[in-house]
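Below are the chains, spelled out letter by letter.
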Amino acid sequence: QTKESSEISEKFLKKFSLPYLITESYDDTHSLVCYIVFKTLHKNEKYEKAAFFCKKALECEALRSNSLCNSAMNCLVKIGQYKEALDIFEKMRTVWNVELNHMSFTIAINAMSKIGSLKECLTLFEEINELGFEPEYEQRKTVALNTLLGACLKIKETQIKGQKNEKITKSDTSLALDICQKASLSGIKFNSITYGTIISILSQGGKFAESLSLFEESISVNMIPELNTMNFALTKFAESGSGSIALNFFEKMKGQPVKKFASV
């Protein structure tokens, strides 16, 4: 509590762009330290260790910002604590009165998809469309759309494997196409991940001609899916005995600059 230590503390806080807490409360000071440790661990992808510190940091109202809440949700999703992440989302909009943005909704949709709550995913996605259409949000809405489509794909995989989930309602191929149609009408732009995920859903649902047609469309707009996505489609064609479509699809693949990193 010397003058020297106070000056060092102030410089430290400014360096980390933290809110400066003028308080004698041990709890607030402890939360601030936890905030610093959490942000450091989260940035370095040490999610298991970071989760402990984020929960303590969130106890301090002065630190409870949109940025911290979103980072905390993301951290908890990374380690499989989906319900805990959704609990933060719910507190943001009710108890804490912390502003929600597109990233908040996208992380919540991702968490919902992990526990098979497709109906809730759809509800959250519809809420995103009510947040405005400012240009800076266009890319974030595309990310949210891709997250929702990824949920449809994962839940459908679960159904095919015969794993029952009572929270799953309608999650077939037609639902994914309906989502895309509504998204397109609302002005949300598709990217290569969007096209790739829809192609995977169509292929998995036995809509092989539609999958090929969409692949041709993705080429025409220069939104070519990733290699893993196209291989997945080819595998589904082969499993069903649709050899002619598989060969046609493969011929169109050969001339494309395919990105060789993992699909979403």
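Residues numbered from 1 in each chain as written. Predicted model: local features only at pLDDT ≥ 70, side-chain atom pairs only at ≥ 80, totals over all residues. Heavy atoms only, no water.

Caption draft 1: Structural view of the overall build of the protein chain. Regarding its fold elements, the protein chain presents 13 helices and 0 strands. Ordered by position in the sequence, the α and β elements of the protein chain form the string α-α-α-α-α-α-α-α-α-α-α-α-α. Counting every position in the protein chain, which comprises 264 residues, the buried fraction comes to 43%. Excluding contacts between residues fewer than 6 apart, the proportion of contacts in the protein chain whose partners are at least 24 apart in sequence is 63%. Approximately 14,800 Å² of the protein chain is accessible, and the part contributed by carbon and sulfur atoms is 52%. (Helix = DSSP H or I, 4+ residues; strand = E, 2+ residues; numbered from the N terminus. Buried < 20%, exposed > 50% of the residue type's maximum accessible area, 1.4 Å probe, protein only. Contact = heavy atoms within 4.5 Å. Areas by Shrake-Rupley, 256 points an atom, 1.4 Å probe, with all protein chains shown as cover.)

Caption draft 2: Representation of unusual backbone geometry within the structure. Look at Asn97: it is not a glycine, yet its phi comes out positive at around 60 degrees. Among the secondary structure elements, Asn97 is positioned in the loop between α5 (82-93) and α6 (102-114). With relative accessibility at 67%, the residue Asn97 sits in the exposed group. One non-glycine residue, Asn222, lies in positive phi territory at about 60 degrees. Of note, Asn222 is situated in the loop between α11 (208-220) and α12 (227-240).

Caption draft 3: Layout of the packing of helix α10 (residues 192-204) against α12. Between α10 and α12, the shortest axis-to-axis distance is 9 Å and the interhelical angle comes to 10 degrees. If you check the angle between α10 and α12, you find them roughly parallel. In contact with Gly196, Ile199, Ser200, Ser203 and Gln204 of α10, α12 contributes Thr229, Phe232, Ala233, Lys236 and Phe237. Residue composition of the contact of α10 with α12, grouped by class: 4 nonpolar, 5 polar and 1 charged. (Axes fitted to C-alpha atoms, helices over the stretch in contact; angles between N-to-C directions. Parallel < 35°, antiparallel > 145°, perpendicular 65-115°, else oblique. Nonpolar A, V, L, I, M, F, W, Y, C, P; charged D, E, K, R; others polar.)

Caption draft 4: Representation of the nonpolar core. If you look at the biggest cluster of nonpolar residues, it comprises 71 residues, and the most contacted ones within it are Met73, Ile88, Met92, Phe125, Leu149 and Phe249. Discounting chain neighbours no more than four positions away, the residues touching Phe125 are Ile109, Lys141, Ala144, Leu145, Leu148, Ala183 and Ile188. (Core = buried A, V, L, I, M, F, W, Y, C linked by side-chain atoms within 4.5 Å.)

Caption draft 5: Representation of the packing of aromatic side chains in the model. With the rule as written, the count across this model stands at 6 aromatic pairs. Consider the rings of Phe52 and Phe53, whose centres lie 5.1 Å apart with planes at 90 degrees: the pair is edge-to-face. Classification of Phe53 by relative accessible area gives partly exposed; the value is 23%. With 5.3 Å between their ring centres and 75 degrees between their planes, Phe237 and Phe249 make a pair best called edge-to-face. Of this pair, Phe237 sits in helix α12 while Phe249 is found in helix α13 (residues 243-254), placing the two residues 12 residues apart along the sequence. Across this residue pair, the class does not change: Phe237 and Phe249 are buried. Aromatic rings pair up to connect Phe208, Phe215, Phe237 and Phe249 into one cluster. (Phe/Tyr/Trp six-rings, centres within 6.5 Å; stacked < 30°, edge-to-face > 60°.)

Caption draft 6: Representation of α13 within the structure. Over its 12 residues, α13 extends 16 Å from the first C-alpha to the last, a length consistent with the 16 Å expected when each residue adds 1.5 Å. For α13, the set of buried residues is Ala246, Phe249 and Met253. Down the axis of α13, the smallest arc covering the buried residues is 65 degrees, so these residues share one side. Of the exposed residues in α13, those oriented more than 90 degrees away from the buried face are Ser244, Leu247 and Lys254. Elements in contact with the buried residues of α13: α10, α11 and α12. (Expected span 1.5 Å × (residues − 1). Arc of directions from axis to C-beta.)

Caption draft 7: Focus on the confidence of the model for the protein chain. Counting all residues, the mean pLDDT for the protein chain is 81, and 78% of those residues have values of 70 or more. Every residue in residues 163-171 is under pLDDT 50, and counting partners more than four places away or in other chains gives 18 contacts. (pLDDT = per-residue confidence, 0-100.)

Caption draft 8: Expanded view of α11. Helix length check: α11, at 13 residues, gives a terminal C-alpha distance of 19 Å against a target of 18 Å (1.5 Å per residue), a fit within 8%. Buried residues belonging to α11 abut α10, α12 and α13. Immediately downstream of α11, the backbone of Asn222 shows phi near 60 degrees, a positive value.

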